[in-house]
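Residue-level structure breakdown
Listed here are the chains, written in short residue letters.
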Amino acid sequence: MRLQYKLFTFFIILLIIFGAATIIFTSTILKKELENRLISREKLGLEVLESRIFPYIANKDYVTVTSILFEEKEIKKESIYYIVVYDKNKNIISHTFLNEIPEHVKYYAQDTGDFFTTEFRINDVPVIEMTTVIREGAYEVGHLSIGYKKDYIDNIVSQIIGAIVNIIVVLMIFSIILSLFLSTFIVKPVRELSKGMEEVSKGNLSHKLEVASKDEIGELANAFNKMAEDLEKSHNELQESEKRYRMLFESAGDGIFILDAEGEETGRIVAANQAAADMHGYTVNELLTLNITDLDTPEAAREAPDRIRRMLNGERIKTEITHRKKDGAVFPVEISAGLLELGNHKYIFAIDRDITLRKQAEEEIKKYARELEESNRMKDLFTDIMHHDLMNPLNIAKGYAELLREVETDSQKAVYVETIERNMVKGIDLMESTTLLSRLESLESIEFKEMDLREVIAEVIENLGPLATGAQMTIENNITQSMPARANKIIEEVFVNLISNAVKYAPAGKRIIVDGEEKGDCWRIRVVDFGEGIKDAYKDMIFERFRRKEKKGVKGSGLGLAIAGKIMELHKGRIWVEDNPGGGAIFVVEIPKL
């Protein structure tokens, strides 16, 4: 049954019950009340009659009393059945009965108060008798009783009750009509709401209800529209999220699996992307019929329960195992997996990556590392052989060249010998520098001890003093403060190289300035020369192997600055070159403080 009819039926039943109860209750109460009111009204008429007949009773003119009584009965013949007057001795002195006086009236003893009523039947006629005391001053002289027809009173009461019932019926009819209107008024928006819910359940989330009122129904419609709007927004966001997820899931280059993690079907493949299928040589539908252990090699399958247990405990695992393709081929995979809970059920979300190429590259790298290690060993061996086996004959040749130069008297031959000696020195210097650089480049770290850089630099300047004097140059040491640092003794090679280079490349008669300062957590030492300077294009290049500024007649292999750079790298420091505003170059060294 539709809601409208239910409401209408409910209202009708409620009205019938209420109307029937009202009629019964009203009839009972009204009947009693009307009888009392009629009796009270007739009492007033009784008092009037008493006042009329009293003078005649007092004069014992009972004939006049009788005539008044009949006159009164005639006036009220529709309602009055009889009128009786008693004297003070309770004898009937006058009455309106045409026949014999009924026994009840004849022997009735009035022994109550001034006024009372009695209901009884006379000749099967229901009568309500009203009696009042007739007094002369303070003395009782008799009683006056009037018998009213009860049917008359009942008739009046029935007429009044009938009118009331008619009114109630009219009101009920009006209420029924109003109920029908109200049920329609209430049900219509409810029906609209129901229709809206049906549309939403069909997926039409854009459906909106018309808000025609500002009452609770209107508020409900607004709430429904807001709910539908929020639901549509959430639905669109969910669709977009699902679309992005599906796109990522399907387009991912790695294999993606979702596995059951509970019950007897633990490990069952619930979902897999195309990359996972291609990786293992199956179709996606074929994968959905397998357990993940079907793809594992025997060794990996034995370890699978432990991996699942760890993930159920909240651990996210990343490890390498081996899988088997549909054709039986075994290949390495890197798996990254963790727990996923959906709808109170636990799953495992796993990403598998085929690392065959990576494993091959790792093997190639290991092979190359072994070859490189062997190559370095052979290089070190070659360097040692070169340094040991070549330095001896070079030094011998150099010694004989020096002897020949001292004893040779022919100027032309002396020039030849000097050239031989010079090249011997150059070869020895090259061998020493090459050996030192080779050893430095094979080091990842060196041992440090506490030393004062001021003392190291002072010693280097002292040792290079003859070289500077021979080049007609002076070296100014402006470092006066202590410069404690953790360094290796090889650090002096940096300052030997920088100061000797300044002597080599600066014109005769110039000076070289060495100064230092504290710069944050470092010591900064500068070697300033006043030579030709270094072009910007060469400022980085000069710290590479066999790169140096060309100068005719200047000895050197071009390895000195490369050695200095490597030494500073091992000391976690820096070295660079700047332009000298006064002409020339400034080499700057920074070393961490102690």
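See above for the structure.
Every chain is numbered on its own, with residues counted from 1 as its sequence reads. Only residues with pLDDT of at least 70 get local features here, since the model is predicted, and only at 80 or more are side-chain atom pairs given and counted; chain-wide, interface and lining totals rely on the full set of residues. Only hydrogens and water are set aside when side-chain values are computed; all heavy atoms of the structure are taken into account.

One open sheet accounts for 5 strands, arranged β7-β6-β10-β9-β8; its pairing is antiparallel. The sheet is open, and its two borders are formed by β7 (269–272) and β8 (317–324), each paired with just one other strand. Put simply, the sheet's adjacent strands are angled 30 degrees from each other on average, direction ignored. In the packing of helix α8 (residues 298–312) onto the sheet, contacts are made with β8, β9 (330–342) and β10 (345–354), and the angle to β8 comes to roughly 150 degrees. For two strands to be treated as a pair, DSSP must find no fewer than two bridges joining them. Starting at the N terminus, helices and strands are each numbered in turn, a helix being any DSSP run of H or I of at least four residues and a strand any DSSP run of E of at least two. To obtain an axis, a line is fitted to C-alpha atoms, over the contacting stretch when the element is a helix, and the angle between two such axes runs from 0 to 180 degrees between their N-to-C directions. Two residues form a contact once any of their heavy atoms are found within 4.5 Å.

Moving on, we get to the sheet that holds strand β14 (residues 511–519). Taken together, the 5 strands give an open sheet; going across it, the order is β12-β14-β15-β17-β16, and neighbouring strands pair in mixed fashion. Edge positions in the sheet fall to β12 (474–477) and β16 (574–579), since each of these pairs with one other strand and no more. Pairwise comparison of adjacent strand axes, ignoring direction, gives a mean angle of 20 degrees for this sheet.

For the rest of this paragraph, the subject is the packing of helix α13 (residues 492–505) against helix α14 (residues 560–570). Relative to each other, α13 and α14 sit at 145 degrees, their axes nearing to 9 Å. As for the relative orientation of α13 and α14, their crossing is left-handed in sense. Of the residues in α14, those touching α13 at Glu-493, Val-494, Asn-497, Leu-498 and Asn-501 are Gly-560, Leu-561, Ala-564, Ile-567 and Met-568. When its residues are assigned to classes, the contact of α13 with α14 shows 6 nonpolar, 3 polar and 1 charged. Helix crossings are classified by the rotation of the near helix relative to the far one: an anticlockwise turn of less than a right angle makes the crossing left-handed, while a clockwise turn makes it right-handed. Only Asp, Glu, Lys and Arg are considered charged, only Ala, Val, Leu, Ile, Met, Phe, Trp, Tyr, Cys and Pro nonpolar, and every remaining residue, Gly among them, polar.

Moving on: α13. Each helix should span, by expectation, one fewer than its residue count multiplied by 1.5 Å. For α13, which comprises 14 residues, the first-to-last C-alpha distance of 20 Å matches the rise-based estimate of 20 Å (1.5 Å per residue) to within 8%. With respect to burial, α13 is a largely interior element, 10 of its 14 residues being buried. Only protein chains enter the area calculation, which uses a 1.4 Å probe; residues under 20% of their type maximum are buried, those over 50% are exposed, and those in between are partly exposed.

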